[in-house]
Amino acid sequence: MVKQTIQIFSRIKPSKKTTAVYSVDNDEPTGAFLEFLVPRDQAEGFVNNKRECYKFRFLKVFDQAVKQEEIFTHIAKPVADSVLAGYNGTIFAYGQTGSGKTFTITGGAERYSDRGIIPRTLSYLFQRFSQDSSMIYTTHISYLEIYNEMGYDLLDSRHEASRLEDLPKVLIMEDPDQNIHLRNLSLQQSANEEEALNLLFLGDTNRMIAETPMNQASTRSHCIFTVHVCRREPGSATLRRSKLHLVDLAGSDRVSKTGLTGQLLTEAKYINLSLHYLEQVIIALSEKSRSHIPYRNSMLTSVLRDSLGGNCMTTMIATIAVDKRNLDESISTCRFAQRVALIKNEAMLNEELDPALLIARLKREIQSLKEELAMLTGEQRDEQLTGEEIQRLEVLVKAFLEDPDPDVTLSMGPDMRKIQHCFSLLKIMIMGKQSAGNRHSDGEASPGNTVAVIQNSPCSAAEMTKLKEMMTQRDNEISILVKMLKREKKRFQDTGDQLANTPNGQSPASQSALRPAAGPPSREGSLDSIPANHGGQAIQMKKRDPQLSMGKQEAFETFMRDHEDRVTVEHNRELLKQRSAEARRIGEKLSEAKNRINELKKQLALQRRQRAALSVTENCPEVEAEVDPVEENLCKHIEQEKKFYKSSIGVLKALRTEIEHLQLLLERAKVKLQRDFHKWWGLEASSVQCEPCSL
């Protein structure tokens, strides 16, 4: 058991405006300090009647210039290591809206270097899995969204939802031991980093995002990305189960300042209420005299029960926006972090026996005891059979098999060791005869013999009936496909005739309506020109209107040229080409290095054979024992080539991870462009329809 308080860190969001209302001191031995300086003449609101200096202590304060890699190294990497060791871990970001929580947890969608804690942690975990070959690791992933106090499964593969409300709702269940279970929350297994990143991308696509006065892309819900890790030694019944919660909390909104209305106001109410209940739980846990902790007040606190005062190693990141207008919220966030730092968790090693292996072992033991009792022997013999006993048993088994009498018996006495060994010998002999018979039948079997064997087999009639049914089904399917192809061919011929008879004065819109739905080949700047995720597994997502008509295609090209993300997409596409070319070059170098290593090994083997032959012919063993400079030089070159090979493999793996992430970024940009274009197209269509009405 590991007892420790919740670790708190602070990150300051980069600001374009130069401000001097805060100072950071990371050199103190007791921790880092973040100090806000609020002169009375610059203060606003309630701060005007209070002190001018607010000083808060954190484990470390990350200033505006800190990169994502440093955030992962200092915050997420220690938690990931504890999860690999068998402890539960949680990392959550807290702060006002627009302070950088989602950027810290998930990352940015523009550059590879902007990857957040979740993708970097997934990459680190699977890297550790590949390095530790002595253990068997199994990974499952879940993604829960809490929107307006309702839970939704963002990774459910059985539903194709165009709206959040169409996703399956997650319900909280509690067992008699007060353990929380989430009903309808799916667990998706991921065998490698690519599958895990695809699941992350799928969940992020379904998240609720809206534009607010404080943030153009504000997440309007709490999201909990959970990685479940199971670790076991081969052949062992003991396993370790751990889970890692990566939580992106929605930011609080001060309605009097932001002026939200309508649906945004309703969302802000639910967000502020759930954060208020979270603060109540924090206050109750920080007070030692409190006997009741109000976990059940909200779904968020119920799900995070273990992370707050339970069996977990928890880390909090307080995101701070240091603009003068956000100074009150920044001080409030720091005060919340100081309360969180008072909570002490008791993390336990989650080690248990695998129920399936334990049950199988107990069944074998029970069966063995029943057999011994059935033989009425009270003597339990655990020693191994001797060589003479094994040889005598082999003679008895051979005599038993060669005896033509069907009533002959094989008598070995009540010793279970001898009985089991005889069964093993029988199995080995039967399998040897079957393999020999198969080889004989493969070399001499004819079609007539094969048919005879099939007809004489006891289950041939049932198999023949099943095969006939399958052939009939395949014939029906082929007939249906042929009819569909004929109909499509006729439809395209009719469409071509209509296009040929179209007058030249007809409008382009009407001409485009007569064209086939498939549209023209993809052009530069179109949706199809953006590379999809061809790294293996396809993204499971609902594609919206993948085929565009001619007029709509031209409109999209115009829309694409003026879109704000065009420069980012082109930059990522160019970067992807560079990384792919670099990976190909490294692959060629690896192939050349491998060939050089093989050639050096051949030369080394030839040199050793020559020295051995020389020592034999001259009858001088000292020649073989001497150090050969040629052999030593070959060994040195082989070691150098191996070092180069291993280093190139590491670079190639890093490039592969970057290429996969760039493909995900381009796919995400593709989805965003589709959504923005269809929204713009709908507005343009409605405005065109309204013009005749106004006339």
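Residues numbered from 1 in each chain as written. Predicted model: local features only at pLDDT ≥ 70, side-chain atom pairs only at ≥ 80, totals over all residues. Heavy atoms only, no water.

Looking only at helices and strands, one finds 18 helices and 19 strands in the protein. The buried share among the 695 residues of the protein stands at 38%. Sequence-distant contacts in the protein: of pairs separated by 6 or more residues, those separated by 24 or more amount to 72%. For the protein, the exposed surface amounts to about 41200 Å²; the carbon and sulfur share of it is 53%. (Helix = DSSP H or I, 4+ residues; strand = E, 2+ residues; numbered from the N terminus. Buried < 20%, exposed > 50% of the residue type's maximum accessible area, 1.4 Å probe, protein only. Contact = heavy atoms within 4.5 Å. Areas by Shrake-Rupley, 256 points an atom, 1.4 Å probe, with all protein chains shown as cover.)

Moving on to the sheet that holds strand 4 (residues 32-37). Taken in spatial order, the 3 strands of this open sheet run 3-4-5, and their pairing is antiparallel. Each edge of the open sheet carries a strand with a single partner, namely strand 3 (22-25) and strand 5 (53-58). Put simply, the sheet's adjacent strands are angled 15° from each other on average, direction ignored. Of the strands in this sheet, strand 4 and strand 5 touch helix 8 (residues 327-340), which is tilted by about 40° from strand 5. (Pairing = 2+ DSSP bridges. Axes fitted to C-alpha atoms, helices over the stretch in contact; angles between N-to-C directions.)

A separate point is the packing of helix 6 (residues 262-286) against helix 8. Axis angle and axis distance: for two packed helices, these are the angle between their axes and the distance between the axes, and together they describe the pair. Packing of helix 6 against helix 8 brings their axes to within 9 Å, and their N-to-C directions diverge by 40°. Classed by the angle they form, the pair helix 6 and helix 8 counts as oblique. Every pair of crossing elements has a handedness; the one defined by helix 6 and helix 8 is left-handed. Across the interface between the two elements, Leu278, Glu279, Ile282, Ile283 and Ser286 from helix 6 touch Phe336, Arg339 and Val340 from helix 8. Classifying every residue of the contact of helix 6 with helix 8 gives 5 nonpolar, 1 polar and 2 charged. (Parallel < 35°, antiparallel > 145°, perpendicular 65-115°, else oblique. Left-handed = near helix turned anticlockwise from the far one by under 90°. Nonpolar A, V, L, I, M, F, W, Y, C, P; charged D, E, K, R; others polar.)

Here helix 4 (residues 193-205) is 13 residues long and its end C-alpha atoms lie 18 Å apart, about the 18 Å a rise of 1.5 Å per residue gives. Of all 13 residues in helix 4, 11 are buried; the element is thus mostly enclosed. Along helix 4, the residues that are buried comprise Glu193, Glu194, Ala196, Leu197, Asn198, Leu199, Leu200, Phe201, Leu202, Gly203 and Asp204. Where helix 4 begins, the capping side chain belongs to Asn192, and its oxygen is found 3.3 Å from the backbone nitrogen of Glu194. (Expected span 1.5 Å × (residues − 1). Polar contact = N/O pair within 3.5 Å; in protein donor to acceptor, adjacent residues only side chain to side chain.)

In this structure the tally under the stated criterion is 7 aromatic pairs. Taking the centre distance of 6.2 Å and the plane angle of 35° together, the rings of Phe9 and Phe62 count as tilted. Remark: Phe62 occurs in strand 6 (residues 60-62) and Phe9 occurs in strand 2 (residues 7-12); sequence separation between them is 53 residues. With respect to class, Phe9 is no different from Phe62; both count as buried. In this structure an aromatic cluster arises from ring pairing among Phe126, Phe129 and Tyr137. A cation over a ring is seen here: Lys55 above Phe33, with NZ or CZ 4.8 Å from the ring centre. (Phe/Tyr/Trp six-rings, centres within 6.5 Å; stacked < 30°, edge-to-face > 60°. Lys NZ or Arg CZ within 6 Å of the ring centre and 35° of its normal.)

Its identity as a non-glycine residue notwithstanding, Asn148 has a phi of 55°, on the positive side. In this fold, Asn148 is placed in the loop between strand 8 (136-147) and strand 9 (150-153). Its identity as a non-glycine residue notwithstanding, Glu149 has a phi of 65°, on the positive side. Tracing the backbone shows Glu149 in the loop between strand 8 and strand 9.

Turning next to the environment of Ile331. Tracing the sequence through the fold places Ile331 in helix 8. For Ile331 and Glu35, which are 296 residues apart along the polypeptide, the C-alpha to C-alpha distance reads 9.6 Å. Apart from residues lying up to four places away in sequence, Ile331 is in contact with Phe36, Tyr54 and Phe56.

What follows deals with the pattern of salt bridges. Across all of its chains, the model carries 13 salt bridges by this definition. The closest approach of N and O atoms between Arg339 and Glu279, which form a salt bridge, is 2.8 Å. Here Glu279 lies in helix 6 and Arg339 lies in helix 8, a separation of 60 residues in the sequence. According to the relative accessible area criterion, Arg339 is partly exposed, its value standing at 29%. Overall, Glu279 belongs to the partly exposed group, its relative accessible area being 23%. (Salt bridge = Lys/Arg side-chain N within 4 Å of Asp/Glu carboxyl O.)

Considering every residue of the protein, the mean pLDDT works out to 76; 73% of them sit at 70 or more. In this model residues 445-459 is a low-confidence stretch, pLDDT under 50, and it forms 4 contacts with partners more than four residues away in sequence or in other chains. (pLDDT = per-residue confidence, 0-100.)

The subject of this paragraph is the nonpolar core. A general trend in soluble globular proteins is that nonpolar side chains are found buried together. Leu34, Phe36, Phe58, Ile224, Leu249, Leu308 and Met316 are the most contacted members of the largest nonpolar core, which totals 47 residues. Beyond its immediate chain neighbours, meaning those up to four positions away, Leu308 contacts Ile6, Leu278, Val281, Ile282, Leu285, Tyr295 and Asn345. (Core = buried A, V, L, I, M, F, W, Y, C linked by side-chain atoms within 4.5 Å.)

Quick look at the packing of helix 3 (residues 117-131) against helix 4 now. Relative to each other, helix 3 and helix 4 sit at 160°, their axes nearing to 10 Å. Regarding the angle of helix 3 to helix 4, the classification is roughly antiparallel. The crossing of helix 3 and helix 4 is right-handed. On helix 4, the residues that touch Ile118, Pro119, Leu122, Ser123 and Phe126 of helix 3 are Glu193, Ala196, Leu197 and Leu200. Among the residues making up the contact of helix 3 with helix 4, the classes are represented as 7 nonpolar, 1 polar and 1 charged.

Within a regular strand, side chains alternate between the sheet's two faces. Pairing of strand 3 with strand 4, which is carried by 4 bridges, proceeds in the antiparallel orientation. Note that in strand 4 the partner of Tyr22 across the bridge is Phe36. Remark: 6 residues form the turn of the hairpin made by strand 3 and strand 4, two consecutive strands paired antiparallel; Gly31 in that turn has positive phi of roughly 135°. Of the pairings in the sheet, the one linking strand 4 to strand 5 comprises 6 bridges and is antiparallel in character. Directly across from Phe33, in strand 5, lies its bridge partner Arg57.

With that settled, consider the side chain of Asn350. In this structure, Asn350 sits in the loop between strand 18 (344-347) and strand 19 (351-353). A distance of 3.0 Å separates the side chain of Asn350 from the side chain of Asn311, its partner in a polar contact. The residues touching Asn350, leaving out its near neighbours within four places in the chain, are Gly86, Tyr87, Asn88, Leu239, Arg240, Arg241, Ser242 and Asn311.

With that settled, the discussion passes to helix 6. Over its 25 residues, helix 6 extends 37 Å from the first C-alpha to the last, a length consistent with the 36 Å expected when each residue adds 1.5 Å. What helix 6 keeps buried is the set Glu267, Ala268, Ile271, Ser274, Leu275, Leu278, Val281, Ile282 and Ala284. Along its buried surface, helix 6 packs onto strand 7 (89-94), strand 8, strand 15 (222-232), helix 7 (299-303) and helix 8.

This brings us to the side chain of Thr319. Mapped onto the elements, Thr319 comes out in strand 17 (residues 313-320). Its relative accessible area of 2% is what places Thr319 among the buried residues. Reaching out from Thr319, the side chain makes a polar contact with the side chain of Ser99 at a distance of 2.7 Å. Setting aside residues no more than four positions away along its own chain, Thr319 makes contact with Arg11, Tyr94, Gly95, Ser99, Gly100, Lys101, Thr104 and Thr333.

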